[in-house]
Amino acid sequence: MQIHRLKLSGFKSFVEPAELRIEPGLTGVVGPNGCGKSNLLEAIRWVMGETSAKSLRSGGMEDVIFAGTSTRPPRDFAEVVLHASDDGDDELVVTRRIERGAGSAYRVNGRDVRAKDVALTFADAATGAHSPALVSQGKIAQVIAAKPTERRAMLEEAAGIAGLHVRRKDAESKLRGAETNLARLEDLMAGLD
Ligand code: ATP
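What comes next is a walk through the structure. Nothing here was measured: the structure is a model prediction, and the numbers come from that model.

Cut-offs applied
- What you see as residue numbers is a count from 1 along each chain, following the sequence as written.
- Given that the model is predicted, a residue must reach a pLDDT of at least 70 before its local features are reported, and side-chain atom pairs must reach 80 or more before they are shown or counted; all residues, however, enter totals for whole chains, interfaces and linings.
- Every helix listed is a DSSP run of H or I at least four residues long, and every strand listed is a run of E at least two residues long, numbered separately from the N terminus.
- As defined in this context, the radius of gyration uses C-alpha atoms, and a globule is described by 2.2 Å times the residue total to the power 0.38.
- Counts of 20 or more other C-beta atoms within 10 Å of a residue's own C-beta define buried residues, counts of 12 or fewer define exposed ones, and intermediate counts define partly exposed ones; C-beta atoms are placed from the backbone.
- Residue pairs qualify as contacts under a 7 Å threshold applied to their C-beta atoms, which are placed from the backbone.
- A pair of strands is treated as paired once DSSP finds two or more bridges between them.

This part takes up the overall build of the protein chain. A tally of helices and strands in the protein chain yields 5 helices and 6 strands. In terms of C-alpha radius of gyration, the protein chain reaches 21 Å, well past the compact-globule figure of 16 Å for 193 residues. Across its three principal axes, the protein chain shows a C-alpha extent of roughly 80 × 40 × 35 Å. The proportion of buried residues among the 193 residues of the protein chain is 22%. Across the protein chain, contacts joining residues at least 24 apart in sequence account for 52% of those joining residues at least 6 apart.

Another aspect to go through is the pairing of strand β4 (residues 92-99). Each regular strand carries side chains that alternate between the two faces of the sheet. Taken together, the 8 bridges between strand β3 (residues 77-85) and β4 define a ladder with antiparallel strand orientation. Along β4, the bridge assignment pairs V80 with R96. Pairing between β4 and strand β5 (residues 103-108): 6 bridges, direction antiparallel. Residue pairing across strands places E99 opposite G103, the latter belonging to β5. Between β4 and β5, which pair antiparallel and follow one another directly, the connecting turn spans 3 residues, one of which, G101, has a positive phi of 80 degrees.

Have a look at this one:
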């Protein structure tokens, strides 16, 4: 999956709407300490459905909203829009927006969706908020120290099969529901005999 464009508004230090075009090939982000380089990577993770505030270096999810400075008031919402596509596929436009007191809402190509749908969309494309392709500071040391089960999760994500686990869990729970219904039906039918 290739990310083409990223739009941020009110996300962390990106108080004013900002748009970044990401050209094919290697992209580097340079700038002085504290200018927002890591915030950019976190914006990508966040729009892909990150639910852990800690991994966004925040205390709570609303902390991603611009908190204000001595000269600027805080914002009420943060929004990130990611444009991406797979080889030859139509463009995928994913939006995540958070409002103070109202939580997060997601849209994929203009349609309201659940967080789970966004996570599955990216998992099927072998990427997502926890993709090893998103390398933040300290991540390399973390990979070296990872347990075998954690390394396996990284390999499964890279192989594009991470989404299958979620679907398998859903299918198993539906199967259990169907088996319970069947057992009840058999009881009822036995009562009718
Ligand atoms: P370094 O090179 O030191 O790693 P960096 O370029 O990666 O720095 P970031 O860590 O992305 O910089 O940005 C940090 C800046 O973002 C800090 O100035 C911090 O005050 C600001 N920031 C983070 N969250 C918010 C928020 N919710 N509201 C306003 N500013 C924020």
